[in-house]
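So you can see what is in the structure, the chains are spelled out below.
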Amino acid sequence: MIGRIFVSTLMCLSLLIASQAFAEDYPSKVITMIIPFSAGGPTDTVGRLIGKAMGESMKAQIIIENVAGAGGTIGAARVARSDPDGYTIFLHHIGQATAPALYRKLSYDVFKDFEPIGLITDVPMTLVARKDFPPNNLQELIAYVKANKDKVTYANAGLGAASHLSGMLFMSAIETALTTIPYKGTGPAMNDLMGGQVDFMIDQTTNTTSQIKGGKIKVYGVTTKTRVPSLPDVPTMHEAGLPNFEVAVWHALYAPKGTPKPIIDKLVKALKDALKDSNVKQRFAELGTEPVADNRANPEALSTHLKAEVDKWAPIIKKAGVYAD
Ligand code: ASP
């Protein structure tokens, strides 16, 4: 009996030492960051900036793999099944909190299958339309879509995408259901918007700012309480006539459940460094956002936030009666 306890203690100890030695060498090869939306879209843009800066901090290469579809749930499922060795990490947004209520048959659990690393940024949304969409301000747009509800089309990136959630809030605010066109990300949706194949969408400033500034699309409002400094001429939705229409798309970083704590600690440190990186700060500002405060870039803050967001969205989604099987 005593012998058996001794052997199992010894085994635990050697496992611990092995995982510590493994963590000391970490990272010794390329790290893959999974982005659950298309390349060239808003989440991809945030991921590439953060991945590059984290890689510099850890003296490692971080490559981006876009595993898009179903509002981010395909990429999340892939991460949930990945080896918890620190070589797969996951950048997702608010969709991580809404998926449990939206998808009846989710193959993963947002709490049990992921290790939180930290929050990254809260990105404002903009209501944008194809350049030749007739309405010229938000009031005109609301009247126009109500009068033409059978022919106007709204683009989104699938159930649970920020563009879908905001569209849901918008349709409920104007009490009008519209035809939605789903994409694997708002990167491809933006191409169709600029090409005139779809009428309008609500999308992150990380995807819309340069097209707005370049005059390639029309903009009707930002979803923040106050105006976005990089888009000073764009009114808030509240100013433009939709009171209290506020949405911020929080982004966060995770690893598969079971990733050793010493590795998570290294990833947290790299994330914190990335959020202080001058290129990240400058690009974020140009794209209408900023890094979160340092005390939100850690596992505890993300855990608390995720739980609060899951609890916040579940009744809203239930009431809206939106779900996927
Ligand atoms: N974040 C998504 C993307 O990168 C779009 C969305 O959530 O609406 O394409």
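A brief structural summary. (Residues numbered from 1 in each chain as written. Predicted model: local features only at pLDDT ≥ 70, side-chain atom pairs only at ≥ 80, totals over all residues. Heavy atoms only, no water.)

## Here's the deal with the packing of aromatic side chains
What describes a pair of aromatic rings is the distance from one ring centre to the other and the angle between the planes of the rings. Evaluation of the coordinates by the stated rule reveals 10 aromatic pairs. For the pair Y154 and F200, a centre-to-centre distance of 5.2 Å together with 75° between the ring planes defines the contact as edge-to-face. Residue Y154 is located in strand β5 (residues 153–156), and its partner F200 is located in strand β7 (residues 200–204); the two are separated by 46 residues in the primary sequence. For the residue pair Y154 and F200, the accessibility class agrees, reading buried in each case. The ring of Y87 is capped by K29, whose NZ or CZ atom sits 4.7 Å from the centre of that ring. (Phe/Tyr/Trp six-rings, centres within 6.5 Å; stacked < 30°, edge-to-face > 60°. Helix = DSSP H or I, 4+ residues; strand = E, 2+ residues; numbered from the N terminus. Buried < 20%, exposed > 50% of the residue type's maximum accessible area, 1.4 Å probe, protein only. Lys NZ or Arg CZ within 6 Å of the ring centre and 35° of its normal.)

## Some words on the nonpolar core
If you look at the biggest cluster of nonpolar residues, it comprises 100 residues, and the most contacted ones within it are I50, M54, L138, F170 and F200. Residue contributions to this core peak at 9 residues, all from strand β4 (residues 114–130). Beyond its immediate stretch of four places on either side in the chain, F170 contacts L127, L138, L141, I142, F200, I202, M237, L242 and F245. (Core = buried A, V, L, I, M, F, W, Y, C linked by side-chain atoms within 4.5 Å. Contact = heavy atoms within 4.5 Å.)

## Brief notes about the side chain of T126
Here T126 lies in strand β4. Within polar-contact distance, the side chain of T126 engages the side chain of T208 at 2.8 Å. If near-sequence neighbours (up to four positions away) are discounted, T126 is found in contact with M201, I202, D203, Q204, T205, T208, I212, V219, G221, V222 and L231. (Polar contact = N/O pair within 3.5 Å; in protein donor to acceptor, adjacent residues only side chain to side chain.)

## What to know about the site of the ligand
Close contacts around the ligand come from F37, P42, T43, H93, A157, A161, A162, S163, G185, T186 and Q204, and that covers them all. Between T186 and the ligand, the recorded distance is 2.7 Å, taken from a backbone N or O atom to an oxygen atom. Between the ligand and the protein, one listed contact pairs a nitrogen atom with a side-chain N or O atom of Q204 at 3.1 Å. For the ligand, whose free accessible area comes to 270 Å², the fraction covered by protein is 100%. The cavity that encloses the ligand is the largest cavity. Elements with a contribution of two residues or more to the shell around the ligand: α2 (42–58) and α6 (162–173). Looking at the shell around the ligand, its residues break down into 5 nonpolar, 6 polar and no charged. (Near = heavy atom within 4 Å. Areas by Shrake-Rupley, 256 points an atom, 1.4 Å probe, with all protein chains shown as cover. 1 Å grid on protein atoms, 1.4 Å probe; cavity = no way out; pocket = protein on both sides within 12 Å on 5 of 7 lines; lining within 4 Å. Sits in = over half its atoms within 2 Å of the grid points. Nonpolar A, V, L, I, M, F, W, Y, C, P; charged D, E, K, R; others polar.)

## Concerning the pattern of salt bridges
On inspection of all chains with the given rule, the structure shows 15 salt bridges. We note a salt bridge from D132 to R130, for which the minimum N-O separation is 2.8 Å. The network of salt bridges with common partners includes R130, D132 and D199. (Salt bridge = Lys/Arg side-chain N within 4 Å of Asp/Glu carboxyl O.)

## Re the pairing of strand β1 (residues 31–35)
Taking burial as the measure, the 5 residues of β1 include 5 buried ones, the bulk of the element. Along β1, one buried face is formed by I31, M33 and I35 and the opposite face, lined by T32 and I34, is buried too. Bridge analysis of β1 against strand β2 (residues 62–66) gives 5 bridges, and the strand direction is parallel. Opposite I35, over in β2, you have N66 as the bridge partner. The parallel pair β1 and β2 is bridged by α2, and the resulting crossover is right-handed. As defined by bridge partners, β1 adjoins strand β3 (residues 88–93) across 3 bridges and the pair is classed as parallel. If you follow T32 over to β3, its bridge partner there is T88. (Pairing = 2+ DSSP bridges. Right-handed = clockwise from strand over helix to strand, strands pointing away.)

## Some thoughts on the environment of N137
Among the secondary structure elements, N137 is positioned in the loop between β4 and α5 (138–147). Separated by 82 residues in sequence, N137 and V219 place their C-alpha atoms 8.2 Å apart. One polar contact links the side chain of N137 to the main-chain amide nitrogen of E140, over a distance of 2.8 Å.

## Here we look at the packing of α2 against helix α11 (residues 278–286)
Each packed pair of helices is defined by two parameters, the angle between the axes and the distance between the axes. Packing of α2 against α11 brings their axes to within 9 Å, and their N-to-C directions diverge by 165°. Classified by the interaxial angle, the pair formed by α2 and α11 is roughly antiparallel. Here α2 and α11 pass one another in a crossing that is left-handed. Between α2 and α11, the residues in contact are V46, L49, I50 and A53 and N279, V280, R283 and F284, respectively. When grouped by side-chain class, the residues that make up the contact of α2 with α11 number 6 nonpolar, 1 polar and 1 charged. (Axes fitted to C-alpha atoms, helices over the stretch in contact; angles between N-to-C directions. Parallel < 35°, antiparallel > 145°, perpendicular 65-115°, else oblique. Left-handed = near helix turned anticlockwise from the far one by under 90°.)

## Things to note about the side chain of N156
Counting through the fold element by element, N156 comes out in strand β5. Polar contacts involving the side chain of N156 include one to the main-chain amide nitrogen of G158, which spans 2.9 Å. Once you skip the residues sitting within four places of it in the chain, N156 turns out to touch S163, H164, T180, I181, P182 and Y183.

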